Amino acid sequence: MLIVVEAKVPMAPTMARKISARMSPYSTAVAARSSLMMLKIRRIVFSCRRGFIAPDQQANSLATVKRFLPESAQLQKNPTMIVVAAALADPSGRVLLQRRAPGRAMAGLWEFPGGKVEAGELPEEALVRELEEELGIVVDPADLIPACFGSAPVEGRHMILLVYLCRSWSGEPLPLDASELRWLRPSEMVAADMPPADAPLIALLDRLLLA
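In this text the structure is predicted, and so the values were computed from the model without any measurement.

*Asks:* Quick one: what's the story with the packing of aromatic side chains, residue by residue and with numbers?
*Replies:* Applying the stated criterion to the full structure yields 1 aromatic pair. On the basis of an interplanar angle of 15° and a centroid distance of 6.1 Å, the ring pair of W169 and W183 is categorised as stacked. Taken together, the residues span a long stretch of sequence, with W169 in the loop between strand 8 (157-166) and strand 9 (180-184) and W183 in strand 9 at a distance of 14 residues. Given the relative accessible area of 22%, W169 is considered partly exposed. W183 gets classed as partly exposed once you look at its relative accessible area, which sits at 24%.

Printed below as a string of structure tokens:
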């Protein structure tokens, strides 16, 4: 049996600190706001890990821990996401950009085609899949050359953008998942409205295309 004694003394904000707690079958990271809170949370975590609390009661115990904390103190299990994109370059040094369709996040912005890496996928496999779904083209993973990366907060998480240079593919790119396609040289991209993670990569791509 787990007994939690409620504190009747003021909480000391200066004693705030973070602890990471692994609970089976749930995981959470919490921040204690007082030494008494720390003791309560440790008791709950210890009891869950040692099996003193039945599995069907652990969810209730997790909810008890969360009641001690403001929602902002909860850490996400997956705070980052990996996104892959392609800089498709034609023989004249132009790169393909696609415009995000209306009704989507960052609608109207110009971006490199690509998407999220799904569970169990390699980055190159994910990019080959995304290019076929978004543009209707077929790309050999061997033709994807790691070029540069970007980093930016997106929708409450932090995105790591991996950009690959690609000069060879099969098929004619079509806007299957975008409102418009446009071929631009890096110098012309400067005037285009691009997502925060894409825009800083223009100068890097310009140097790669000249190499």
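*Asks:* How would you sum up the layout of surface pockets? Please name residues and give values.
*Replies:* In this model, the largest pocket occupies a volume close to 450 Å³. Lining the largest pocket are 25 residues, and of these V83, R100, E111, G115 and M159 lie nearest its centre. Only strand 3 (80-88), strand 6 (114-116), helix 3 (123-135) and strand 8 provide two or more residues apiece to the lining of the largest pocket. With 4 residues, the single largest contributor to the lining of the largest pocket is strand 3. Tallied by class, the residues present in the lining of the largest pocket amount to 14 nonpolar, 2 polar and 9 charged.

Calculation rules
- Residues numbered from 1 in each chain as written.
- Predicted model: local features only at pLDDT ≥ 70, side-chain atom pairs only at ≥ 80, totals over all residues.
- Heavy atoms only, no water.
- Phe/Tyr/Trp six-rings, centres within 6.5 Å; stacked < 30°, edge-to-face > 60°.
- Helix = DSSP H or I, 4+ residues; strand = E, 2+ residues; numbered from the N terminus.
- Buried < 20%, exposed > 50% of the residue type's maximum accessible area, 1.4 Å probe, protein only.
- 1 Å grid on protein atoms, 1.4 Å probe; cavity = no way out; pocket = protein on both sides within 12 Å on 5 of 7 lines; lining within 4 Å.
- Points joined across faces, edges and corners; volume = space filled by probe spheres on them.
- Nonpolar A, V, L, I, M, F, W, Y, C, P; charged D, E, K, R; others polar.

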